[in-house]
Amino acid sequence: MRFVVTGGAGFIGSNTVDELIRRGHSVVVLDDLSAGKEENLAEVRSKISFIKGSITDLEVVRKAMHEADYVLHLAARTSVPRSVKDPIETNRVNIDGTLNVLVAARDAKVKRIVFAASSSAYGETPTLPKLETMQPAPISPYGVTKYVGELYAQVFGRAYGLENVSLRYFNVFGPRQDPNSPYSGVLSKFCTAFLEGTQPAIFGDGEQSRDFTYIENVVQANLLACEAPSASGKVFNVGTGSRFTLNQTLAMLQRISGVNLEVKYEPAREGDIRDSQADITQGREILAYNPTVEFEEGLERTFSWYRESHAKTLAKQKAE
Ligand code: UD1
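Quick summary incoming for the structure in this document. Starting afresh in each chain, residues are numbered from 1 along the sequence in its written order. Only residues with pLDDT of at least 70 get local features here, since the model is predicted, and only at 80 or more are side-chain atom pairs given and counted; chain-wide, interface and lining totals rely on the full set of residues. Each side-chain value is worked out from all heavy atoms of the structure, with water and hydrogens disregarded.

### With respect to the overall build of the protein
Then step 1. In this text, helices come from DSSP runs of H or I with a minimum length of four residues, and strands from runs of E with a minimum of two, each type numbered from the N-terminal end. Secondary structure summary: the protein contains ten helices and 13 strands in total.
Then step 2. Both definitions apply: the radius of gyration is a C-alpha atom measure, and the globule rule equals 2.2 Å times residues to the power 0.38. Taken against the 2.2 N^0.38 rule, which gives 20 Å for 320 residues, the C-alpha radius of gyration of the protein at 19 Å falls within 12% of a compact globule.
Then step 3. In terms of principal-axis extent, the alpha carbons of the protein reach across some 55 × 50 × 35 Å.
Then step 4. Throughout, exposure labels follow a simple rule: accessible area from a 1.4 Å probe, protein chains only, divided by the maximum for the residue type, with under 20% read as buried, over 50% as exposed, and the rest as partly exposed. Expressed as a percentage of the 320 residues in the protein, the buried residues total 53%.
Then step 5. Across the protein, contacts joining residues at least 24 apart in sequence account for 79% of those joining residues at least 6 apart.
Then step 6. The protein chains shown are the only cover counted for residues, whose accessible areas, like all others here, come from Shrake-Rupley with a 1.4 Å probe. With an accessible surface of roughly 14200 Å², the protein has 49% of that area assigned to carbon and sulfur atoms.
Then step 7. If the 36 positive side-chain charges of the protein are averaged to one point and the 39 negative ones to another, these points end up 3 Å apart. Should any heavy atoms of two residues lie within 4.5 Å, those residues are counted as being in contact. Neither His nor the chain termini are counted; the positive set is Lys and Arg, and the negative set is Asp and Glu. We put the charge of a Lys on NZ, of an Arg on CZ, of an Asp on CG and of a Glu on CD.

This is the structure:
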């Protein structure tokens, strides 16, 4: 089968591409390298087609979609605080770009599109765990754009018969998540702080919690969502069903790394939600999604990966 992966050079995208190649599929990656990196595709580079381009350019999206069977639409401006700072840019990529991807997928008559939605659609709804039937109430521009993407995908199902599945990811973490931007995922920043001996910053009191989901579980969900019967038109939570506070994750990292670091507490971030936890019953039933890597094991694997890549960077610097 031929898969198009938008954002395929990014963290979630490149891990998904690796698995598609392992399964013998043909893969086209469309990525503008604004957040993704070619080095994330190093191991599969000779086996894929790579198109450098943005989802905001309809013609390039059409080109990528040529003879595609499935589309995994993962390209996005991914940060909540960045969307608060620059809602127009987040809207342009996440909504206008998604509309281009849907139009091109419809015209290329693909079998199905899987859209990377977000748990941020739930916003401050107080009930935990989050169920897909709850009324979305996003509290950041980013959350709005991800929710609109789901609505558009569903409308393309109704209006044009385009099969679609939206996956609401819950705080994905793991190897290749970029720790170097002010908008990076919290665990990538914490792991790096432990390796570099710098002080991790907690925004707020550290008692906010997240359903941190290891990348391997998300890759599994992505692939199941492409082919699961009776899934089209539906939205699924992709999490683990548990949650941990930031203070707990720091305690675990102290144990894993054997390093004791003092933490800086800073003011809470705008647009931040307090708690997040997925109910994954619907995904288990319809997609046969079954997260196999639990949080602590995922954190151990992730820390080892950052440790190795940190050691490689140091060795390179020494050689230069
Ligand atoms: C994350 C995702 C977003 C996804 C959403 C869904 C990232 C970068 N963002 O948003 O794409 O749609 O989950 O659930 O993965 N924090 C600190 N110190 C730091 C960095 C962050 O205390 O150095 C705090 C934040 O204020 C927040 C929590 O950690 O309370 C998680 O932040 P972050 O990793 O940025 O993710 P979300 O905002 O939850």
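### Describing the site of the ligand
Then step 1. Each residue is tested against the molecule or strand, and it is near if at least one of its non-hydrogen atoms lies within 4 Å. Taken together, 21 residues lie near the ligand, and Ser118, Ser119, Val186, Ala201 and Asp272 sit nearest.
Then step 2. Definition of a polar contact: a pair of N or O atoms within 3.5 Å, with one able to donate and the other able to accept a hydrogen when the atoms are protein atoms, and with sequence-neighbouring residues admitted only if both atoms are side-chain atoms. Ser119 is positioned with one of its side-chain polar atoms (N or O) 2.3 Å from an oxygen atom of the ligand.
Then step 3. Here an oxygen atom of the ligand and a backbone polar atom of Phe203 are 2.8 Å apart.
Then step 4. Contact with the protein chains removes 91% of the 730 Å² of surface that the ligand exposes when unbound.
Then step 5. Looking at the shell around the ligand, the elements with two or more residues in it are helix H6 (186-196) and strand S8 (201-203).

### What about the packing of helix H8 (residues 246-257) against helix H10 (residues 295-319)?
Then step 1. The contact between H8 and H10 brings their axes to 11 Å, and the two run at 55°. For the element pair H8 / H10, the angle class is oblique. Crossing hand, H8 versus H10: right-handed. Along its contact with H8, which presents Thr249, Met252, Leu253, Arg255, Ile256 and Ser257, the element H10 presents Phe295, Glu296, Leu299, Glu300 and Phe303. Every angle, taken between N-to-C directions, lies between 0 and 180 degrees, and every axis is a line fitted to C-alpha atoms, over only the stretch in contact when it is a helix. Note that the term roughly parallel is reserved for angles under 35 degrees, roughly antiparallel for angles over 145, roughly perpendicular for angles of 65 to 115, and oblique for everything else. Definitions for this section: a left-handed crossing has its near helix turned counterclockwise from the far helix by less than a right angle. A right-handed crossing has that turn clockwise.

### Quick look at the sheet that holds strand S2 (residues 26-31)
Then step 1. Taken together, seven strands build an open sheet; the order of strands is S3-S2-S1-S4-S5-S6-S11 and the sheet is parallel. With one partner strand each, in any of the chains shown, strand S3 (49-52) and strand S11 (234-238) form the two edges of the open sheet. Across this sheet, the average inter-strand angle for adjacent strands is 20°, counted without regard to direction.
Then step 2. Strands are treated as partners if at least two bridges between them are detected by DSSP. As judged from the six bridges shared by strand S5 (residues 112-118) and strand S6 (residues 164-169), these two strands associate in the parallel manner. When the bridges of S6 are listed, Ala116 appears paired with Leu167.

### Regarding the packing of helix H4 (residues 87-107) against helix H5 (residues 141-160)
Then step 1. Two elements in contact, H4 and H5, have axes separated by 10 Å at closest approach and are oriented at 15°. Considering their axes alone, H4 and H5 lie roughly parallel with respect to each other. As H4 runs across H5, the sense of the crossing is right-handed. Here Pro87, Thr90, Asn91, Asn94, Ile95, Thr98, Leu99, Leu102, Val103 and Arg106 of H4 lie close against H5, whose contacting residues are Pro141, Tyr142, Thr145, Lys146, Val148, Gly149, Tyr152, Ala153, Phe156 and Tyr160.
Then step 2. For this classification, the nonpolar set comprises Ala, Val, Leu, Ile, Met, Phe, Trp, Tyr, Cys and Pro, the charged set comprises Asp, Glu, Lys and Arg, and every other residue, Gly included, is treated as polar. Residue composition of the contact of H4 with H5, grouped by class: twelve nonpolar, six polar and two charged.

### Considering the environment of Ser230
Then step 1. Structurally, Ser230 can be placed in the loop between helix H7 (215-227) and S11.
Then step 2. As a C-alpha pair, Ser230 and Leu102 span 128 residues in sequence and 20 Å in three-dimensional space.

### Let's talk about the nonpolar core
Then step 1. Counting residues in hydrophobic clusters, the biggest one holds 61 residues, and the most contacted among them are Val17, Leu72, Leu167 and Tyr169.
Then step 2. Among the elements that take part in this core, H7 stands out by supplying seven residues, more than any other.
Then step 3. Grouping buried Ala, Val, Leu, Ile, Met, Phe, Trp, Tyr and Cys residues that are joined through side-chain atoms within 4.5 Å yields what is termed a nonpolar core. With 23 residues, the next largest nonpolar core counts Val28, Leu30, Met65 and Val110 among its residues.

### Remarks on the packing of aromatic side chains
Then step 1. Paired rings are identified among Phe, Tyr and Trp, the last through its six-membered ring, by centres lying within 6.5 Å, and are further divided according to the angle between planes into stacked (under 30 degrees), edge-to-face (over 60) and tilted (the rest). Throughout the structure, instances matching the rule amount to nine aromatic pairs.
Then step 2. Relative to Phe170, the ring of Tyr122 lies with its centre 6.2 Å away and its plane at 40°, an arrangement referred to as tilted. Linking Tyr122 in the loop between S5 and H5 with Phe170 in the loop between S6 and strand S7 (172-173), this pair joins segments that are 48 residues apart in sequence.
Then step 3. With 6.4 Å between their ring centres and 90° between their planes, Phe173 and Phe212 make a pair best called edge-to-face. Within this pair, whereas Phe173 is found in strand S7, its partner Phe212 is found in the loop between strand S9 (209-210) and strand S10 (213-214), the two being separated by 39 residues in sequence.
Then step 4. Following the ring pairs from residue to residue traces out a cluster consisting of Phe173, Phe212, Tyr214, Phe244 and Phe295.
Then step 5. Looking at Arg106, its charged tip hangs above the ring of Tyr160, at a distance of 4.5 Å from the centre.
Then step 6. Lying across the ring of Tyr122, Arg168 places its NZ or CZ 4.7 Å from the centre. In this scheme, Lys NZ or Arg CZ marks a charge over a ring once it lies within 6 Å of the ring centre and within 35 degrees of the ring normal.

### Some words on the pairing of S5
Then step 1. Counting buried positions along S5 gives seven out of seven residues, so the element sits mostly inside the fold.
Then step 2. Residue alternation in S5 divides its side chains into two sets, Arg112, Val114, Ala116 and Ser118 and Ile113, Phe115 and Ala117, and both sets are buried.
Then step 3. Of the strand pairs in this sheet, strand S4 (residues 70-73) and S5 are connected by four bridges, and their pairing is parallel. Bridge pairing links Val71 to Ile113 in S5.
Then step 4. Running through H5, the crossover from S5 to the neighbouring parallel element S6 is right-handed. Whether a crossover is right-handed depends on one test, that the path from the first strand over the helix to the second runs clockwise when the strands point away from the viewer.

None of the figures reported here should be taken as evidence of function without further support.
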